[in-house]
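Per-entry structural report
The residues making up each chain are set out below.
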Amino acid sequence: MTVRVVVGGALCHEGRLLAARRSAPPELAGRWELPGGKAEPGESVPQALVRELREELGVETEPLERIPGEWPLKPGLVLHVWTARLLSGVPAPLEDHDELRWLGPEELESVDWLDQDRPAVAEAGRRLSADRPGARPPGVRGDGGDGGGGGGGV
């Protein structure tokens with residue numbers, strides 16, 4: 001069986017990690033994930049990450065490094081997670097999500113992450129804790145409150 005890679009983006013900015021709440025499918029709706037999606041045939045995983053974050057969030061990013069590990073999603077799909085740096089834009093929930101939150105390392109457990117994302121989120125949190133300026137990204141709340149989902153105020 002051919003295994004297809006789904007890339008998740010541990011998008012970090014000013015000491016915080018972006019969490020995205022799923023709006024679909026019904027079995028995942030309301031749970032949180034690292035945004036991303038499937039790599040297309042002929043596309044590298046870093047290229048897929050840049051494309052997916054542009055499509056899902058409306059931002060330009062730079063892939064940095066792969067977080068060690070791979071997590072099965074369902075037969076034929078495996079999750080790889082890459083850290084990424086925000087280059088431009090303010091993330092908005094354009095596809096597959098209804099809310100976004102920037103979370104500091106101490107806030108990562110405040111949302112209900114999808115099981116397969118938890119190991120990568122924990123590693124991203126360790127990396128954030130190692131070097132964290134205190135500033136909050138523009139336009140996105142990070143206090144665990146309503147992130148302004150639905151495109152308003154995110």
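Throughout this document, residue positions are counted from 1 along each chain, in the order its sequence is written. Whole-chain, interface and lining totals are the exception, using all residues; otherwise, since this is a predicted model, local features are given only for residues with pLDDT of at least 70 and side-chain atom pairs are given and counted only at 80 or more. Neither water nor hydrogens contribute to the side-chain values; these are computed over all heavy atoms in the structure.

So, the layout of surface pockets
Volume-wise, the largest pocket comes out at about 560 Å³. Along the walls of the largest pocket sit 27 residues, with V6, R22, L28, E33 and L73 positioned nearest its centre. Going along the chain from the N terminus, every DSSP run of H or I of four or more residues is numbered as a helix, and every run of E of two or more is numbered as a strand. Of all the secondary structure elements, the ones that give two or more residues to the lining of the largest pocket are β1 (4–13), β4 (36–38), α1 (45–57), β5 (60–74) and β6 (77–88). When residue character is reported, Ala, Val, Leu, Ile, Met, Phe, Trp, Tyr, Cys and Pro are called nonpolar, Asp, Glu, Lys and Arg charged, and the others, Gly included, polar. Of the residues that constitute the lining of the largest pocket, the class distribution is 12 nonpolar, four polar and 11 charged. We place a 1 Å grid over just the protein atoms. Points where a 1.4 Å probe fits but has no way out form a cavity, open points with protein on both sides within 12 Å along at least 5 of 7 lines form a pocket, and any residue with an atom within 4 Å of a point lines it. Grid points are joined across faces, edges and corners, and a volume is the space filled by probe spheres set on the points.

So, the pattern of salt bridges
For this document, the term salt bridge refers to a Lys or Arg side-chain nitrogen within 4 Å of an Asp or Glu carboxyl oxygen. Per the stated rule, a full pass over the model turns up 20 salt bridges. E43 is the partner of R51 in a salt bridge, and the nearest nitrogen-oxygen pair spans 2.8 Å. Each of R31, E109, D112, D115 and R118 takes part in salt bridges that share partners, so that together they form one network.

Some points on α1
One less than the residue count of a helix, multiplied by 1.5 Å, gives the span that helix is expected to have. Its 13 residues place the ends of α1 18 Å apart at the C-alpha level, agreeing with the 18 Å of an ideal helix rising 1.5 Å per residue. Of the residues making up α1, those classed as buried are V45, A48, L49, V50, R51, E52, L53, E56 and L57. Packing partners of the buried residues in α1 comprise β1, β2 (16–22), β4, β5, β6 and β7 (97–103). Following α1 by one or two positions, G58 adopts a phi angle in the positive range, close to 75°. To sort residues, take the accessible area from a 1.4 Å probe on protein chains only and compare it with the maximum for the residue type: under 20% means buried, over 50% means exposed, and anything in between is partly exposed. Residues count as neighbours in contact if any of their non-hydrogen atoms are within 4.5 Å of one another.

Considering helix α2 (residues 118–130)
In an α-helix, one turn spans 3.6 residues; hence positions three or four apart end up facing the same way. Taking 1.5 Å per residue, 13 residues should reach 18 Å; α2 reaches 19 Å between its end C-alpha atoms and fits that length. All of the buried residues in α2 are A120, V121, A124, G125 and L128. Each buried residue of α2 sits inside an arc of 140° when the element is viewed along its axis, so together they form one side. Residues of α2 that are exposed and point more than 90 degrees away from the buried face comprise R126 and A130. In this fold, the buried residues of α2 make contact with β1, β2, β5, β6 and β7. For this quantity, the arc is that covered by the directions from the helix axis to the C-beta atoms.

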